[in-house]
Structure formats: structure tokens, C-alpha cells
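Descriptive analysis of the structure
The primary structure of each chain is shown beneath.
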Amino acid sequence: MENKGRGIMRTRLLHPWWTHLPAIAALVVLIIYIAANSPFPNNVPVHFNYGGEVDKYGSPWLVFGLVIGLSVFFILLSSFLDELWARQEKKKTFNGLSLLDDVVVGVMVGTSLGVGSAAFPWNYLGLVCGSAVVLAIILEIIRPYHIYRDNMVEQEAEALKPEIVRRLKENVPFVFWDSQNPFYITLLSTLLPVVLLASAVVSWFSEPWASLVLVIVALLLVMPYGGLRVIVTKQNITIRFGILGFKVLRLATEEIAAVETHQFSPLRDFGGYGIRFNREMAAYYLRGTRGVKITTVRGKKYLIGSDNTERLAVVISAVTQGSRAY
Amino acid sequence: MLLTVNENDSRPIYLQIISQIREQVSNGMLQPGDELPSVRETADSLGINMHTVRSAYLKLSEQGIITLRLGRRAKIARRHLPVRNADLAADIELRLKELFADATLAGISKDDLRKLVNQKLAQLKRE
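Residues numbered from 1 in each chain as written. Chains lettered and ligands numbered in written order. Predicted model: local features only at pLDDT ≥ 70, side-chain atom pairs only at ≥ 80, totals over all residues. Heavy atoms only, no water.

1. Brief notes about the overall build of chain B
Along chain B, the regular secondary structure elements total five helices and three strands. Traced from its N-terminal end to its C-terminal end, chain B shows the element sequence β-α-α-α-β-β-α-α. Counting only residues that meet the buried cut, chain B has 29% of its 127 residues in that class. Intrachain contacts of chain B at a sequence separation of at least 6 include 52% that bridge at least 24 residues. (Helix = DSSP H or I, 4+ residues; strand = E, 2+ residues; numbered from the N terminus. Buried < 20%, exposed > 50% of the residue type's maximum accessible area, 1.4 Å probe, protein only. Contact = heavy atoms within 4.5 Å.)

Here it is, written out as C-alpha cells:
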């Protein structure tokens, strides 16, 4: 896992040299044409209408600049796409939820552009919201993490194992509960929906469909409010998400083959926080860089983030072993 | 947070829940600010009635161990330690005396008792 993500920049797609021949030929012809026809006339056609007639004249340097500029632009664009594709191939990562982030930003930008002419300062509002989001994420990243972790060391977590085993032996019902509910989730899922709903109300009179989209996005954004809960009982491990308590994962303890603690990088390995997937595993976390990695008997892998990783790992492995034995 | 319901225990279920949460706060497994599961979630996963869990939470809130706020999940209170007063200390001394009497009558030797007390002291939250 430690090596994953390194060397991404070196992974570029290689083209055979002859794929560049048409571009070189076009460039050569262009240079010869320019050399043969110089000096330029003062006025050349720069735009043609649908009938093929010239409807605009301009300086020849404009045409020259456009050709060079657009070529450079397309070369940069294609190498950017190549790079994106190479990263995709290397990392094998796709984040469903990151699309949601993009939609939100898109809607905010769209609102600020579309309603910019009205009296209300939409673009400033968009700026303020955007900076609030960025600020919240930065705060969450730089917040000292040890305040969550100093409460239990590994040996103390180990002490939980006999407790769990005893309960399994005596066959008494028990529940172990762990949660992550960071501040930025509360901030994001209250601030952004309020702003989006306000803009929905305002734009209802001019663009009803846009405000409908805004309302839907606002509702989607409320969902993570309430954080992530992990519930371990003798039979199941359940992960619930959000204020409505959607069951996002339920694993029978009998299906679990291996449990281990796992260190990861939220941005490098999964591209953000929340419910994330890469080709190796599905991850559920809202904070931190450590979690419990569970492998099922079918070979599927899940990562559950926790503020008390050792404790959760000990409990899950005790339950797994215990539910087989008793 | 680890909760158990033991049918063999003579205490009612809500008292079992209260004592477990108090114990976990005292040994540091639950920290101030930690969230507790909702009443419904706890009741579902333990297979007990919602009102049992609710009364346990209400009692804990009265004792100042947790804070309950409408529409929020229960949280371990920031200051769960009451002001140290003479009555409380006297009460604990009395209970200890009773416990020691029980232990002596049950035939537990002084050394074993000392070992037990030391073990429980070690499990308390590090200051």
C-alpha cells in the first residue's frame, strides 16, 4: 500500500513517432505557404458564414495567432487527457461521491454566472461558500489528530478481547458501537443546503427547473449529516450513514476471513472522504488516516475508518473468532 | 462503547446499562464529547424495549454523565465529575465498608481483596 500512488507522474502513454507525421506535414506546408505569399495583404477573411461567404475581415496576424494558439491549446488538452487516463489506469480509482462534489461546485458556479446580472450579489455568495468549504476541509486536515487517539493503547484494547469472548460464551446479547462525526460534516451539511435552498427560492420565479435541481442537491447534501456509525453485534457488522441511518454495509460475522488495522492516505488512495471505492476495496470513513481492513471469505475487502482503530479491530476479530467457536 | 444485557443479572436492564456506561466513562473508554447510539439503535441491536434505553439515558442525564439535547445524539458530558463534597465521600466510604463486609463474609482473604482493589484501581482512567 505504501508504494501505491508513487510514480504516477512518470506513467505517460507513449505514442510511436510516426503518429506525429501529419502534424509535422501540416506545419511544414503552413510555413512554406507563408514564405511563398509574404508580405501579407492587410485584410484577409477571418470568418465565413453558413453560405460559405466571407462575413468578416481582419489582420492576417489574427489568423496566424489563432492557428498557433489553438494548436498549442489542443496539444495541451490532449496531453492533459493522456495524463488523466494514465493516472486512471495506474490508480484504478473511481469515486462516485466525488461526482457529487463536482455537481455542487458546478451548480454554485452556474448560479453565480446565471443570476450575476440580478441585484443580488450571487458571485460573492458563491465565493464565500466556496471559501467556507475549502476552509472547513483545511481545518479538518490540520486539526491535531492525537486528541482522538491518546485514550487507548494497544494493550488496553487487547483487554477487550476476553470481555467479548466471555459474552459470546455466555450467549448474552451485546453491542459495540463506534462513530465518526467530524465538525466539517456538520458544517457542510448545514451551511451548503441552506445557501442552495435560499437560491432555489430566489430563482424559482425565473428558472423553476434550476431551483428544483438546487433543492435536490441540497437534500443530497444533508444526507451525511450525523456521521458514520459502526455497530458490531454477535451476528453482524453494520455501518450506518447519515441522519436517516442508511444501512450502507452489513456483513455477517461468519463471512469475515481476516481483520487487520490499516493505514491509508485519504487523498492518495481514495481521493477524499466519505464512502469511497477503489479497485481494491470499499472504504467508509469521514476522518483520520487509520481504519480496520476486513477481508471476507469471498475475497472482498472493506475499510472501516475509526478514531479507535485498535479497539475496533480487536472487537471485530474477537467476534469473528468467537462466533465460529461458540 | 460496549453494552451488554445479562438476563442472569438480578438488576433491571436500565440499571445494567447505566452502570456499564458509568464504568466506561470512569475507565476512559468513553471520553467527554463521545457520541452514544440513538435509543432506537441501541434497543434494536440488544433486542430490548426502546423505553428501557430511554429511561437509562434520562437517568444518566440527570446524573450529569451525558447530555441530552432535542434532535441530537446523546453525548458524554464535558464535566461529568460532580463537585467533590463531604456527603458524597461519606456515602462512598459507607458503600466500601459494606462491600468489604460482604467480601469478608464470602470468605475472601485480605490479600485477595487487596489484589482485587489494586486491579480495579489500575483499570481507572489515567489522570
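2. A few points about the pairing of strand β2 (residues 54-58) of chain A
All names here are of chain A. Alignment of strand β1 (residues 44-48) against β2, held across four bridges, turns out to be antiparallel. Residue pairing for β2: Pro45 is matched across the bridge by Tyr57. Counting the residues that bridge the hairpin from β1 to β2 gives five residues, and of these Gly52 lies at a positive phi of roughly 85°. (Pairing = 2+ DSSP bridges.)

3. Description of the pairing of strand β8 (residues 274-277) of chain A
Residues and elements named next belong to chain A. Pairing between β8 and strand β9 (residues 282-285): four bridges, direction antiparallel. When the bridges of β9 are listed, Ile275 appears paired with Tyr284. Connecting β8 to the next strand, β9, in antiparallel fashion are four residues.

4. Some points on the sheet that holds strand β10 (residues 290-296) of chain A
Residue and element names in this part refer to chain A. Taken together, five strands build an open sheet; the order of strands is β7-β10-β11-β9-β8 and the sheet is mixed. What marks the edges here is a single partner per strand, and that holds for β7 (256-263) and β8. Neighbour-to-neighbour, the strand axes of this sheet turn through a mean angle of 20°, independent of strand direction. Across five bridges, the pairing between β10 and strand β11 (residues 301-305) is antiparallel. (Axes fitted to C-alpha atoms, helices over the stretch in contact; angles between N-to-C directions.)

5. Observations concerning the interface of chain A and chain B
Contacts between the two partners involve 22 residues from chain A and, on the opposite side, 19 residues from chain B. Note on chain A versus chain B: buried area summed over both sides is about 1800 Å², and carbon and sulfur give 49% of it. Applying the counting rule to chain A against chain B returns one salt bridge. As a salt-bridge pair, A:Arg229 and B:Glu41 come within 3.2 Å of each other at their nearest N and O atoms. Applying the counting rule to chain A against chain B returns eight residue pairs in polar contact (both at pLDDT 80 or more). If one sorts the elements of the side of chain A that touches chain B by residue count, strand β3 (residues 174-180) of chain A sits on top with five residues. (Buried area = accessible area lost by both parts, 1.4 Å probe. Salt bridge = Lys/Arg side-chain N within 4 Å of Asp/Glu carboxyl O. Polar contact = N/O pair within 3.5 Å; in protein donor to acceptor, adjacent residues only side chain to side chain.)

6. Topic: the nonpolar core
Judged by nonpolar contacts, the single largest core of 34 residues is most densely connected at A:Ile164, A:Val232, A:Ile237, A:Tyr284, A:Ile294, A:Leu312 and A:Ile316. With seven residues, the single largest contributor to this core is helix α11 (residues 309-325) of chain A. Leaving out residues up to four positions away in the same chain, A:Ile294 has contacts with A:Ile237, A:Leu251, A:Ile256, A:Ala258, A:Lys300, A:Lys301, A:Tyr302, A:Ile304 and A:Ile316. Ranked by size, the runner-up nonpolar core spans 24 residues in total, among them B:Ala43, B:Val53, B:Tyr57 and B:Ile65. (Core = buried A, V, L, I, M, F, W, Y, C linked by side-chain atoms within 4.5 Å.)

7. Details of a positive patch on the surface
Residue and element names in this part refer to chain B. On the surface, a cluster of positive charge is made up of Arg69, Arg72, Lys75 and Arg78. With respect to the element layout, Arg69 can be found in the loop between β2 (66-67) and β3 (75-76). Taking the relative accessible area as the measure of exposure, Arg69 reaches 54% and is therefore exposed. (Patch = residues over 30% accessible without salt bridge, like charges linked within 9 Å, V, L, I, M, F, W, Y side chains within 5 Å. Areas by Shrake-Rupley, 256 points an atom, 1.4 Å probe, with all protein chains shown as cover. Lys, Arg positive; Asp, Glu negative; His and termini not counted. Charge placed at Lys NZ, Arg CZ, Asp CG, Glu CD.)

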